[in-house]
Amino acid sequence: MKLLNNVCDQTSSREEMADQLQTRDRFLSLPQPFYNSPAYFKHDMEEVFYKEWIMAGVVSEIPKKGNYFTIQIGDNPIMVVRGAEGKIDAFYNVCRHRGSRLCTQHRGKTAKLVCPYHKWTYELDGKLLYAGSEMGDGFDMAKFSLKKVHVRTGGGFIFVCLADEPPAFDAFLATLDEYLEPYDMENTKVAVETHIVEKCNWKLVIENNRECYHCDGSHPELLRTLLEWDDTNDPRADQAFKDHVARKEAEWEEEKIPYHHVSAGLRNRIVRMPLAEGTVSMTMDGKSGSTKLMGRIKNPDLGSMRILHLPNSWNHCMGDHLITFRVLPLGPQETLVTTKWLVHKDAVEGVDYDPENLRKVWDATNDQDRVLAEENQQGINSRAYEPGPYSKTYEFGVINFIDWYCERVLDNMGKEVPEKY
Ligand code: 3BY
Ligand code: FES
Ligand code: FE
């Protein structure tokens, strides 16, 4: 009976969720259950995180054959493996014997993939190689390869998709290749990596990142170098800002550094914006955090190229280092935010860069954003919460994100998507 009730609850909450998405006012924040209901969280995982392309990591985390890293997407442990000839594969990190997780480390190197339980052993391409001698005569090893997950790379970023038929992605991957060419991402390394568990729904993390309405007063370290507006069309942008952008763009043009804004629907957005006058990197003093610049870059002053990938990543690419942010939901009110600071692979710690210096601004900013998002969650959980109005100038990024989310959930559910999205 309990099971039947659960199934009914899932079905009715799905209908309720779809109905709310279809009828809501797009200029108001989402209704409460989108941020705290376990049933809605399940639907988010099924319709967004199990169907869309998810940013998993970067190629330089697995530079050599046998290198792997693991990530958890909802209930699904996934591993991303570098195999022969540099090929990158992704699999469910689930043994085909009785289902144990195979790789238990966050990152590692191995010749073969060996299950810790009964030692079934797989080739790096997922083929089962060894299952002991106990499986009987008719046992067909070929039927027990690891289950593959779709994986693609673009500009050095690795994306995975758990859908049977992933959404089209080629055009954006080609754009990433073009825009990241100066950075030579294969020849970078992770200088610093942090993992923060935020006590809030994943959408509150992304919403917070999509506006700078909160920056003034909240982010003193970030605002030493970040200019709030990321578009010269922004109604708030003044002439001095427009002139500053034009001067920098002329330099980038000269050096063949891509800077034109591009987007792929609302899902992806790339903009290169100058940093504050006289600063070149997101450090406390605005100077380069690594004296060895990335890739073929000669001019440290490339501003910051911001790359958005919905539902789960934003990035800042500067001349000397690149910061990548990955968001993975853990529960209705719990989200993992992983931040990696990448530098040139030959940059020497203590000589070319000081990790403490590199991480300072975004450690502070991440923590400030964590508090804001957690406070947001606490208020939303109250009976007093009702959807509140977005500012169309300051919060257009949030409107865009929520529009994308609504459209994707409805479409992936097989429901009618209203014109407004
Ligand atoms: O810098 C970022 O990644 C975003 C963009 C606007 C505010 N926020 C801190
Ligand atoms: Fe993997 Fe048994 S579960 S070898
Ligand atoms: Fe912020």
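Residues numbered from 1 in each chain as written. Chains lettered and ligands numbered in written order. Predicted model: local features only at pLDDT ≥ 70, side-chain atom pairs only at ≥ 80, totals over all residues.

Caption draft 1: Structural detail: the overall build of the protein. Regarding its fold elements, the protein presents nine helices and 17 strands. For the protein, whose C-alpha radius of gyration is 23 Å, the value lies close to the compact-globule estimate of 22 Å for 421 residues. Principal-axis analysis of the C-alpha atoms places the extent of the protein at approximately 75 × 55 × 35 Å. Here the protein holds 421 residues, and the buried ones make up 40% of them. Looking at the protein alone, contacts between residues at least 24 apart form 66% of all its contacts between residues at least 6 apart. (Helix = DSSP H or I, 4+ residues; strand = E, 2+ residues; numbered from the N terminus. Rg over C-alpha atoms; globule rule 2.2 N^0.38 Å. Buried ≥ 20, exposed ≤ 12 C-beta atoms within 10 Å, placed from the backbone. Contact = placed C-beta atoms within 7 Å.)

Caption draft 2: View of the environment of Lys 147. You can see Lys 147 is positioned in the loop between strand 8 (128–130) and strand 9 (148–154). On the basis of neighbour counts, which here come to 10 C-beta atoms within 10 Å, the residue Lys 147 falls in the exposed class. Placed 56 residues apart in sequence, Lys 147 and Phe 91 show a C-alpha to C-alpha distance of 5.6 Å. If sequence neighbours within four positions are ignored, Lys 147 has contacts with Phe 91, Tyr 92 and Val 94.

Caption draft 3: Structural detail: the UniProt feature "domain: Rieske" (unreviewed entry) in the protein. Taking the UniProt record as the reference, the feature "domain: Rieske" (unreviewed entry) is found at residues 53–160. Helix makes up 0% of residues 53–160 and strand 42%, and the two end C-alpha atoms of the span are 6 Å apart. (UniProt positions renumbered as here; feature names shortened; annotations may be inferred.)

Caption draft 4: Region of the structure containing helix 7 (residues 239–254). Look at helix 7: 23 Å from first C-alpha to last across 16 residues, which is about the 22 Å you get at 1.5 Å a residue. In this structure, the buried residues of helix 7 make contact with strand 13 (268–273). (Expected span 1.5 Å × (residues − 1).)

Caption draft 5: Examining unusual backbone geometry more closely. In this structure, the amide linkage connecting Leu 310 to the following residue, Pro 311, adopts the cis form with an omega of 15°. Topologically, Pro 311 is positioned in the loop between strand 14 (304–309) and strand 15 (313–317).

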